[in-house]
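Coordinate inspection notes
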Amino acid sequence: MENEGLLFVAICMACAVLFLIMGLLARKKPEPVQFWSGWEVTEKNIRDIPAYNRAYGRIWIVYALAWFLAGLTPFITSAPISVILIGIVCFGGIPTIILTYRKIYKKYKR
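As the structure is a prediction and not an experimental result, all values here were calculated from the model.

Counting secondary structure elements, the protein chain contains three helices and zero strands. For the protein chain, the N- to C-terminal ordering of α and β elements is α-α-α. With respect to the principal axes defined by its C-alpha atoms, the protein chain has extents near 55 × 20 × 20 Å. Every one of the 110 residues in the protein chain was classed for burial, and the buried ones make up 35%. Taking as baseline every contact in the protein chain between residues at least 6 positions apart, the subset at least 24 positions apart corresponds to 71%. Once the 13 positive and 6 negative side-chain charges of the protein chain are each reduced to a mean point, those two points are 14 Å apart.

Encoded structure:
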C-alpha cells in the first residue's frame, strides 16, 4: 500500500473514531441530545430520554462502523472501489442519518 492508501485509511479511521465517540457520549448524556440540524430538542418534548439518547447514539455508532469498514477496503480490494465505497458512506450516510433521526424523534416525541 502506498502513502496515499495509508492516508486514506488514516482519514477513514479518524472519522470512525470521531463518530464512535459522538455515539458513545450521546448514549450516556442525561439530557436529550441535540441533533446537529438545528431542531430544538428539550426535556419537555421527549418522553423517554435514556431510550431516545441510546437510539440517537446508535445512529452514530453504526455510521462509525461504516467508516471503519470503508477504511479497511484498501487492504482487501483496489483503490477505486475504496473511493466508491467512501462516496456511498458519505453521500448515502448523511440522508440515512437524517431519515433515521426523524423516525427516532417521532417515536420518542411527547
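Together, Val17, Ile21 and Leu25 make up a nonpolar patch on the protein surface, roughly 280 Å² of accessible area in all. If you trace the backbone, Ile21 turns up in helix α1 (residues 3–28). Given the relative accessible area of 44%, Ile21 is considered partly exposed.

Okay, the pattern of salt bridges next. If you walk through the whole model with that rule in mind, you get one salt bridge. Linking Glu31 and Lys29 is a salt bridge whose minimum nitrogen-to-oxygen distance equals 3.7 Å. Assessed through its relative accessible area of 33%, Glu31 is described here as partly exposed. On the basis of relative accessibility, which here comes to 35%, the residue Lys29 falls in the partly exposed class.

The next subject is the nonpolar core. Ranked by internal contacts, the top residues of the largest apolar core, which has 27 residues, are Trp67 and Tyr101. Elements with a contribution of two residues or more to this core: α1, α2 (49–76) and α3 (79–108). It is α2 that provides the largest number of residues to this core, a total of eleven residues. Other than its neighbours up to four places away in sequence, Trp67 contacts Cys12, Cys15, Ala16, Phe19, Ile86, Val89 and Cys90.

Cut-off values and rules
Residues numbered from 1 in each chain as written. Predicted model: local features only at pLDDT ≥ 70, side-chain atom pairs only at ≥ 80, totals over all residues. Heavy atoms only, no water. Helix = DSSP H or I, 4+ residues; strand = E, 2+ residues; numbered from the N terminus. Buried < 20%, exposed > 50% of the residue type's maximum accessible area, 1.4 Å probe, protein only. Contact = heavy atoms within 4.5 Å. Lys, Arg positive; Asp, Glu negative; His and termini not counted. Charge placed at Lys NZ, Arg CZ, Asp CG, Glu CD. Patch = residues over 30% accessible without salt bridge, like charges linked within 9 Å, V, L, I, M, F, W, Y side chains within 5 Å. Areas by Shrake-Rupley, 256 points an atom, 1.4 Å probe, with all protein chains shown as cover. Salt bridge = Lys/Arg side-chain N within 4 Å of Asp/Glu carboxyl O. Core = buried A, V, L, I, M, F, W, Y, C linked by side-chain atoms within 4.5 Å.

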